[in-house]
Amino acid sequence: MIRYDVSLDRIESAAEAHAPNWIARAKQRTAANRRAGKFSDPSPIWSEVKPVFIEAQQRKCLYCERQFESKEYGKIEYDLEHFRPKSSVSEWPPTGWKTQYD
């Protein structure tokens, strides 16, 4: 995956400017999902801030850095898949796992 030098503060500011109160709503939904122990959100809000992330990644694919062709958001080429499933995710590293940093 390609890394972009974009701070969390910058992303949060851009998200709030693009969709006011989105961060508060996202935190509430995340907390509810954690309490439930799984992703069970019937009406996801994550796509509301997709343009913020597309701009932060310089309108390129995070994996291969291919430049997106269209400036219109919502096209299939802008869809992001997940590194991990939304539910039934095990903690990593597993409890008791020893790393070189322990």
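See the structure printed just above.
Bear in mind the structure is a predicted one, so any value in this text is a computation, not a measurement.

1. Points about the overall build of the chain
Move 1: Secondary structure assignment for the chain yields three helices and zero strands.
Move 2: Overall, the chain shows an N-to-C arrangement of helices and strands of α-α-α.
Move 3: Relative to its full complement of 102 residues, the chain shows a buried share of 23%.
Move 4: For the chain, long-range pairs separated by at least 24 residues make up 42% of all intrachain contacts whose partners lie at least 6 apart in sequence.
Move 5: With the model as given, the accessible surface of the chain reaches about 8100 Å², and the carbon-plus-sulfur share is 53%.

2. Observations regarding the nonpolar core
Move 1: The biggest cluster of nonpolar side chains holds eight residues, and these are A15, A19, W22, I23, A26, I45, V49 and V52.
Move 2: At three residues, the largest contribution of residues to this core is made by helix α2 (residues 22-36).
Move 3: Those residues in contact with V49 that lie beyond four places of it in its chain are A15, H18, A19 and W22.

3. Considering the packing of aromatic side chains
Move 1: Evaluated as defined, the whole model comprises one aromatic pair.
Move 2: Ring geometry for W22 versus W46: centroids 5.6 Å apart, planes at 80°, classification edge-to-face. One end of the pair, W22, is in helix α2; the other, W46, is in the loop between α2 and α3 (50-56), and 24 residues separate them in sequence.
Move 3: Owing to a relative accessible area of 29%, W46 belongs among the partly exposed residues under this scheme.

Reading the values: the criteria
- Residues numbered from 1 in each chain as written.
- Predicted model: local features only at pLDDT ≥ 70, side-chain atom pairs only at ≥ 80, totals over all residues.
- Heavy atoms only, no water.
- Helix = DSSP H or I, 4+ residues; strand = E, 2+ residues; numbered from the N terminus.
- Buried < 20%, exposed > 50% of the residue type's maximum accessible area, 1.4 Å probe, protein only.
- Contact = heavy atoms within 4.5 Å.
- Areas by Shrake-Rupley, 256 points an atom, 1.4 Å probe, with all protein chains shown as cover.
- Core = buried A, V, L, I, M, F, W, Y, C linked by side-chain atoms within 4.5 Å.
- Phe/Tyr/Trp six-rings, centres within 6.5 Å; stacked < 30°, edge-to-face > 60°.

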